[in-house]
Amino acid sequence: MGRAGRRLPALAAVFYGALAALVLLGVRDVLFLYEENRCSMTYMYEYPEYLKIKLPKKTARRYPAYELYLYGEGNYAEENKNLLLTGIPVLFLPGNAGSYKQVRSLGSIALRKAEDVDFKYHFNFFSVNFNEELVALYGGSLQRQTKFVHECIKVILKLYRDREFAPTSVAIVGHSMGGLVARALLTLKNFKPGLINLLITQATPHVAPVMPLDKYLTDFYTAVNNHWILKAQDLRNLTTLSVAGGFRDYQVRSGLAFLPRLSQHDSALSVVSSAVPRAWASTDHLSIVWCKELILATIRAFFDLIDENTRQITEDPKKRMSVLHHHFVRHPAKTFEENPELFTELTGAFMWIPVKASKWTYSVYNDSDGKYFTFPLASHRKSYSHVYCENSMLDTSSWIYGCMNSNSSTCLEATDLSWRAELLPTTKVVILKLQDYTSLSHIVIQVPPTVGNKYTLDCEFFKQDSRTVQLPVTHLFSFGLSSSKILLNSTGLLYNVQLQHFNRIYQAFKIYIESHCQSLKERKPSVYRLHVPWSHEDSITVAKVPSFMEISAKLHIAQPQNDSRVPELNIYSSSDCQYEVILKTSVLQVLGQIIRFHASALPVYVVSNIFLTYGGQLSTLMSTGQCSDFPLELVRTAKPYKVEPLISIVVFLQGFNWFREIWESLSLPEVDAAVLSSQDAWFPLVSLILFLFGTGIAYWSGVFFSTSLRLFSSLWLTLIRPTVLQKDNKLITPRRLCGVLSLAVVSWTTCGAFAVFIIYLQYLFKVIKLHVNIRAEQNMLNGDSDCSKETSQNSSIYAVKNQSSTDSTVKATQSLSNSTTIAEAVNSLKMHVTILNLFTWIVLLNLPSLIYWLKNLRYSVRLDPDPCRSTAIILVCILEILMNSSTSEVKSRARNLPSTSIFQVSKQVTASNMCLLPCSMKT
């Protein structure tokens, strides 16, 4: 029995260590295991300057921490110092802790582009200084920022007053939370929607906050998203583009950056940077503002949006969306044209060459004569369903045409099929379904005269069924031990591998593609594209041939309901090569997906486990008179069945309107499962998995916390002589009452989190002091006691060593002279270590508002609004009582105190917008 009792803590440590290790592996996958940065840095050719715009006195007094700047370089900056602006205004809004200087990449490249067109058109880039506020963690200033941006827009438009081509609206580029602030402009009562006609957001969490830490943040999100849904018809003239960073952006996962699905889809567009043509790169949260490839796409789009008549951004929503699709979704390798000509004359002294083969390749190098290759379609329609052509010359000229009903060997007038092309990193391709082009008699490929250029053209006719292969993905619980495999004996140029049953966010796979070729001749690189049909989140990989390539396959957005489309792996292959595709479940990436989508809920599960442990300690104390160690009690009481049934009932009742109304009237936060389910980010076992992860974190955080306190107490013993433990039977004294009142005043007049932090430090100091005094008394008792007493004391020392130190509940007045009294102090220590451990998590959740308050202290002593002002006062009162209580008092006269304290502490967690208990989805 004794051996089994000793084995249990060791087994528990191993088990919870394994759980904590799984969490760390998931965190490692999110933070470190992603593709390399493929973005180029943008550079300024002249020194950047930021001209501060003078604001109206009323605005400057109301928003003393905020400023408005105009970006410029060199002579351009000098010319604009008098603010005689004639360009197109664009306003940049930085995000969480962002700088107004982040506008320089957009401003510099736009200036270079304007120089290329001799300043026929140019843009004036303004930027707002939000004082680098932490608005992603503290939502109290979001409404203030929104109102300031409204004032800035009015100031900017006044600068263009009486100009020949004066603008009536402003284009906005918002990074991170700046994009949400821009969307919030539409919720202001006195805001005119016509003041914005174009909004581009970069890595903005539109759907929900990354960490819902306070009520003001979640209320702001609710107000903005509800307005955009209810007033969707009023927003038809506003074109919105959201660009997400992909898997490199671990701060804002791309699923949050997709605009909420609205009834109208013609005015909003969401893409991941890895799918943007000519970028094809994932970006982290900061590099998205300077990634040269993305900035070039943005500036090209800006210039294509200009209306030649007004010299401002076009007022036509359809054109705006066409331009954005052209640059951010599907680029045909042609310069944008609003109304391209339907028919083109094929002129020039070119040689006409008929091609009857179903597969054709032509290499071009220093051809002095132009050629037209014609492919008659009549002979291919019965045998094939599609035609595929590719061209490795990545210029913007037309190269493929469709000839209508021509019986001759030449075609003078044809339709330009180059607009049907799609640009890839190494080639531009066209896929035509013959059934859709019944009026065409020939396909014509143009090869103009070339000097010094070397490129290749390929065409082939094929049946779609012969190039489509189904590959079932492996099960989640295969743990990478099994695999799915296909072998493609390539005689063609294109294969589509359909990944069957790949539709949930928790799925993650490694795809290995190995190419073998029959000969060693030089070949063009292969292109592998993972295509997700229900969202613009494709990823593209370029590989040499032959090669062995590993591709990660995971989703940002789960498959919507009533959408039966299947993700595909498109292989743009080299002819006469063999491709082997192997797919395996990646356990590490599955863990990464769980952390990526649910990390914000982990503190809830950690706190839940600590609450269960604290309740178990109190129960043991009341029944046996002894308080158990935190790790042992965690093993005994932290069981999922104590949480899941209750929350399942709550989730079930959430389906009734009357219950939701009662829930909202109590100011309780939304149920986690309901929120995540609306984002298609919930799956049946996630609640159990997160509970176990939370248990592992709670266990080892308790061990770490205890070890840290023990080190502090050891340092104290070496530096300061400990005092004798004293006992005070008075729970409330005038001095303590004054301390509580002082902290209440601090909370009400300055910052609630500041008061919470002060009492936390006070609590921590008392815990260390108690730990030191107990160790000193035990050492003294060791010197004066006999063997039996020494044995008894050693058990007490062992108990102290195996649990974290807690706050001294007693400022005792009498020395502890026997082992019974020391054991009572040890019990108090055990109880308070759990309280202090719980309190540590609460302090961490309130740190953002404290940091915000300290940063803005020069502007205002009082944090307004304060998400934890009232709850901080309640928490201070409760913790003042708890830290000056002992286990004997709990047993004798304060049996209702623990439940009261749990209620109040849980209220504090709720005030931090974190559910007290994890919520599971109704199954």
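Heads up: the structure comes first, above all this text.
Fair warning: this is a prediction, and the values are worked out from it, not measured in the lab.

Q: Quick question: what am I supposed to make of the overall build of the protein chain here?
A: Regarding its fold elements, the protein chain presents 24 helices and 30 strands. Considering the protein chain as a whole, with its 923 residues, one finds that 56% of them fall into the buried category. A fraction of 81% describes how many contacts in the protein chain between residues 6 or more apart in sequence connect residues 24 or more apart.

Q: Help me out: how do you make sense of the packing of aromatic side chains in this one?
A: To describe a pair of aromatic rings, one takes the distance between the centres and the angle between the planes. Applying the stated rule across the entire model yields 32 aromatic pairs. Ring centres 4.2 Å apart and planes at 10° place the aromatic pair Tyr69 and Tyr100 in the stacked group. Of this pair, Tyr69 sits in strand S2 (residues 67–73) while Tyr100 sits in the loop between strand S3 (88–93) and helix H4 (104–116); the two residues are 31 residues apart in sequence, bridging distant segments of the chain. Taking the relative accessible area as the measure of exposure, Tyr69 reaches 9% and is therefore buried. Here Tyr100 falls in the buried class, since its relative accessible area comes to 14%. Taken together, the ring pairs in this structure connect Phe15, Tyr16, Tyr699 and Trp700 into an aromatic cluster.

Q: Is there a simple way to explain the packing of helix H5 (residues 142–159) against helix H6 (residues 177–184) in this structure?
A: Helix-helix packing is described using two parameters, namely the angle between the two axes and the distance between the axes. Two elements in contact, H5 and H6, have axes whose closest approach is 9 Å; the angle formed by their N-to-C orientations is 65°. Between H5 and H6, the angle is such that the two are roughly perpendicular. Note that H5 runs across H6; the crossing there is right-handed. In this structure, H5 contributes Leu142, Gln145, Thr146 and Val149 to the contact, and H6 contributes Met177, Val181 and Ala184.

Q: Looking at this structure, I do not really get the packing of helix H9 (residues 292–304) against helix H10 (residues 317–328). What am I missing?
A: The N-to-C vectors of H9 and H10 enclose an angle of 150°; their axes lie 9 Å apart at closest approach. Judged by the angle between their axes, H9 and H10 are roughly antiparallel. Like other packed secondary-structure pairs, H9 and H10 cross with a definite hand, here right-handed. Here Ala297, Thr298, Arg300, Ala301 and Asp304 of H9 come into contact with H10, specifically with Lys319, Val323, Leu324, His327 and Phe328.

Q: Is there a simple way to think about the environment of Arg112 in this case?
A: Tracing the sequence through the fold places Arg112 in helix H4. Counting along the chain gives 68 residues from Arg112 to Met44, while the straight-line C-alpha distance between them is 9.5 Å. Residues within four places of Arg112 in sequence aside, it is in contact with Tyr45, Glu46 and Glu73.

Q: Explain the state of the cysteines here, please?
A: The term disulfide refers to a covalent linkage connecting the sulfur atoms of a pair of cysteines. Inspection of the entire model under this criterion finds four disulfides. In this model Cys389 forms its disulfide with Cys459; the gap between the sulfur atoms is 2.1 Å. An S-S torsion of about 115° defines the bridge between Cys389 and Cys459 as right-handed. Note that Cys389 is positioned in strand S15 (residues 386–391) and Cys459 in strand S21 (residues 454–462), a separation of 70 residues in sequence.

Q: Got a minute to help me understand the sheet that holds strand S7 (residues 239–244) in this structure?
A: In a beta sheet, neighbouring strands pair by backbone hydrogen bonds and run either parallel or antiparallel. Read across the open sheet, the eight strands follow the order S1-S2-S4-S3-S5-S6-S7-S8; overall the sheet is mixed. The open sheet terminates on both sides in strands that have one partner only, identified here as strand S1 (48–52) and strand S8 (268–272). The average angle at which neighbouring strand axes cross in this sheet is 25°, direction not considered. Each of S1, S2, S3, strand S4 (123–129) and strand S5 (170–175) touches H4; the most contacted strand, S2, lies at about 40° to it.

Q: I keep staring at helix H18 (residues 734–749) and nothing clicks. Help me out?
A: One turn of the α-helix equals 3.6 residues, which is why residues spaced by three or four share an orientation. Over its 16 residues, H18 extends 22 Å from the first C-alpha to the last, a length consistent with the 22 Å expected when each residue adds 1.5 Å. Three or more residues of H18 are buried, namely Arg736, Val740, Leu743, Ala744 and Ser747. One side of H18 carries all its buried residues, which in axial view fall inside an arc of 105°. Seen from the buried face of H18, the exposed residues on the opposite side, beyond 90 degrees, are Pro734, Arg735 and Leu741.

Q: Is there a simple way to think about the nonpolar core in this case?
A: A general feature of soluble globular proteins is that nonpolar side chains tend to end up buried together. Core analysis: the largest hydrophobic core is formed by 66 residues, its most contacted members being Leu690, Phe693, Tyr763, Leu836, Phe839 and Leu879. Setting aside chain neighbours within four positions, we find Leu879 in contact with Ile759, Tyr763, Ile835 and Phe839. Residues Tyr63, Phe148, Ile172 and Ile196 belong to the second largest nonpolar core, which totals 46 residues.

Q: Any chance you could explain the pattern of salt bridges here in plain terms?
A: Opposite charge on two side chains permits pairing when their charged atoms draw close. The full count for this structure, using the stated rule, is 24 salt bridges. For the salt bridge of Lys52 with Glu67, the shortest nitrogen-to-oxygen distance reads 3.0 Å. Of this pair, Lys52 sits in strand S1 while Glu67 sits in strand S2, and the two are 15 residues apart along the sequence. In this structure, Lys830 engages Asp629 in a salt bridge whose closest nitrogen and oxygen atoms are separated by 3.2 Å. Of the two residues, Lys830 is situated in helix H21 (residues 819–855) and Asp629 in the loop between helix H12 (602–624) and helix H13 (630–637); the sequence distance between them amounts to 201 residues. Given a relative accessible area of 10%, Asp629 falls into the buried group. Through salt bridges with shared partners, a single ionic network connects Glu46, Glu73, Arg112 and Glu115.

Q: Would you take a moment to explain the layout of surface pockets for this structure?
A: To find leftover empty space, a probe the size of one water molecule is rolled over the atoms. Looking at the second largest pocket, its volume works out to about 660 Å³. Residue lining of the second largest pocket: 27 residues in total, with Tyr34, Glu35, Glu550, Ile551 and Ser552 positioned closest to the centre. At the level of elements, strand S27 (539–543), strand S28 (547–554) and helix H11 (587–598) are the ones that each hand at least two residues to the lining of the second largest pocket. If you tally residues by element for the lining of the second largest pocket, the top one is S28, at five residues. For the lining of the second largest pocket, the residue count by class is nine nonpolar, nine polar and nine charged.

The rules we used
Residues numbered from 1 in each chain as written. Predicted model: local features only at pLDDT ≥ 70, side-chain atom pairs only at ≥ 80, totals over all residues. Heavy atoms only, no water. Helix = DSSP H or I, 4+ residues; strand = E, 2+ residues; numbered from the N terminus. Buried < 20%, exposed > 50% of the residue type's maximum accessible area, 1.4 Å probe, protein only. Contact = heavy atoms within 4.5 Å. Phe/Tyr/Trp six-rings, centres within 6.5 Å; stacked < 30°, edge-to-face > 60°. Axes fitted to C-alpha atoms, helices over the stretch in contact; angles between N-to-C directions. Parallel < 35°, antiparallel > 145°, perpendicular 65-115°, else oblique. Left-handed = near helix turned anticlockwise from the far one by under 90°. Disulfide = S-S within 2.5 Å. Pairing = 2+ DSSP bridges. Expected span 1.5 Å × (residues − 1). Arc of directions from axis to C-beta. Core = buried A, V, L, I, M, F, W, Y, C linked by side-chain atoms within 4.5 Å. Salt bridge = Lys/Arg side-chain N within 4 Å of Asp/Glu carboxyl O. 1 Å grid on protein atoms, 1.4 Å probe; cavity = no way out; pocket = protein on both sides within 12 Å on 5 of 7 lines; lining within 4 Å. Points joined across faces, edges and corners; volume = space filled by probe spheres on them. Nonpolar A, V, L, I, M, F, W, Y, C, P; charged D, E, K, R; others polar.

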